[in-house]
Amino acid sequence: MISLSLPRRLWAFLAIPFFWSCSSRPAKTIGNLRNVAASERNAAVRYRSCSTRAREEGYLNVANLFAALACSEEVHVKYQIELLERYGEENISLDEWAPIDSTFAVESTIKNLKLSLRTETYESLTAFPIFEKAAVAEGAHDAARMFRDLAVVATKHGDYCRRVLDKLGHDGSDRNVVNSWSVCPRCGAMYETVTLQENCEMCEMPASTFVLFQ
């Protein structure tokens, strides 16, 4: 996420190892997991900053959206670390290879939503499908499934941001923006609270365990 602008985050996704390990470890997938974990860790920090800015600007419902997005990213990072450990990575330290970008400059809420929409769209349509394909080629099926799920989640994230932008553009306020969001603590899937079913649609986690933002 120097400033986590869109180009910086795109660069992080495209910085993929160009060699294959001669061992059975999925070297390319491991590199992709590290890059994604680093990017999503900074994305969570950025979303929390965006939540604070939205609250300062009087967009309390939009602030809840950004807070839920941050939580979703944090859940993803935890699972990515678990996968890295499963693939043989040891002594993982996010602070060493994925330091928090303290120079990120928060923009206005409208600009933050537009940047978030562009980023989530890129991830869902380009980055995650590429990473899924690479994981399948290496036989890293757990990672392939995770990248596939991340593309679904990123699509929803982008849709949420797009709908909020439309509401703000039409109403000039967020009074008609959804004010309650729920995040699955297992897979990071994010839902409008009023639409919740009994279990998570992606991992079957009971909705009673979800993290609520309202």
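All of the points below concern the structure found in this document. A quick note: this is a predicted structure, and the numbers were derived from the prediction, not measured. (Residues numbered from 1 in each chain as written. Predicted model: local features only at pLDDT ≥ 70, side-chain atom pairs only at ≥ 80, totals over all residues. Heavy atoms only, no water.)

**Here we look at the overall build of the protein chain**
Each helix and strand in the protein chain was counted, giving six helices and three strands. Starting at the N terminus and walking to the C terminus, you meet the elements of the protein chain as α-α-α-α-α-α-β-β-β. For the protein chain, with 214 residues in total, the buried portion stands at 51%. Total accessible area computed for the protein chain in this model is approximately 10,400 Å², and 53% of it derives from carbon and sulfur atoms. (Helix = DSSP H or I, 4+ residues; strand = E, 2+ residues; numbered from the N terminus. Buried < 20%, exposed > 50% of the residue type's maximum accessible area, 1.4 Å probe, protein only. Areas by Shrake-Rupley, 256 points an atom, 1.4 Å probe, with all protein chains shown as cover.)

**Topic: the packing of helix α3 (residues 60–86) against helix α5 (residues 109–137)**
The N-to-C vectors of α3 and α5 enclose an angle of 35 degrees; their axes lie 12 Å apart at closest approach. For the pair α3 and α5, the sense of crossing is left-handed. In contact with V62, L65, F66 and E73 of α3, α5 contributes T109, N112, L113, S116 and E120. Looking at the contact of α3 with α5, its residues break down into four nonpolar, three polar and two charged. (Axes fitted to C-alpha atoms, helices over the stretch in contact; angles between N-to-C directions. Left-handed = near helix turned anticlockwise from the far one by under 90°. Contact = heavy atoms within 4.5 Å. Nonpolar A, V, L, I, M, F, W, Y, C, P; charged D, E, K, R; others polar.)

**What to know about the packing of aromatic side chains**
Throughout the structure, instances matching the rule amount to five aromatic pairs. Considering the side-chain rings of F128 and F147, the 6.4 Å spacing of their centres and the 25 degrees angle between planes classify their relative orientation as stacked. A residue pair is termed long-range when its members are at least 10 positions apart, and F128 in helix α5 and F147 in helix α6 (residues 141–171) qualify at 19 residues. A ring pair is formed by Y191 and F210, whose centres lie 5.9 Å apart and whose planes are at 15 degrees; its orientation type is stacked. Separated by 19 residues along the polypeptide, Y191 in strand β2 (residues 190–192) and F210 in the loop between β2 and β3 (211–213) bring together distant segments of the chain. Across the pair, F210 and Y191 agree in class, each one buried. (Phe/Tyr/Trp six-rings, centres within 6.5 Å; stacked < 30°, edge-to-face > 60°.)

**A short note on the pattern of salt bridges**
Pairing between side chains becomes possible if they bear opposite charge and their charged atoms approach one another. Inspection of the entire model under this criterion finds eleven salt bridges. Note that R34 and E89 form a salt bridge whose closest N and O atoms lie 3.2 Å from each other. Placement of the pair is R34 in helix α2 (residues 27–56) and E89 in the loop between α3 and α4 (94–97), with a sequence separation of 55 residues. Given a relative accessible area of 28%, R34 falls into the partly exposed group. Ionic pairing is found between R163 and E192, a salt bridge with its closest N-O pair at 2.1 Å. Of this pair, R163 sits in helix α6 while E192 sits in strand β2, and the two are 29 residues apart along the sequence. The class of R163 is partly exposed, set by a relative accessible area of 36%. A cluster of three or more residues bridged by salt bridges with shared partners is formed by D159, R162, R163 and E192. (Salt bridge = Lys/Arg side-chain N within 4 Å of Asp/Glu carboxyl O.)

**Digging into the nonpolar core**
Core analysis: the largest hydrophobic core is formed by 27 residues, its most contacted members being V62, L65, F66, L69, L113, V164 and M190. Where this core is concerned, the elements lending two or more residues are α2, α3, α5, α6 and β1 (181–183). The greatest single-element share of this core, amounting to ten residues, is contributed by α3. Once residues within four sequence positions are removed from consideration, L113 is found in contact with V62, L65, F66, C161, V164, L165 and L168. Residues V77, Y122, A127 and A140 belong to the second largest nonpolar core, which totals 22 residues. (Core = buried A, V, L, I, M, F, W, Y, C linked by side-chain atoms within 4.5 Å.)

**Some thoughts on the sheet that holds β2**
Taken in spatial order, the three strands line up as β2-β1-β3 in an open sheet, and their pairing is antiparallel. In this open sheet, the two edge strands, each paired with only one partner strand, are β2 and β3. Ignoring which end each strand starts from, the neighbouring axes of this sheet average 25 degrees apart. As paired strands, β1 and β3 are joined by three bridges and run antiparallel to one another. Looking at β3, one finds that S182 is bridged to L212. (Pairing = 2+ DSSP bridges.)

**Regarding the environment of L115**
Within the secondary structure, L115 sits in helix α5. Judged by relative accessible area, which is 11%, L115 ranks as buried. In sequence terms L115 and G158 are 43 residues apart; their C-alpha atoms lie 10.0 Å from each other.

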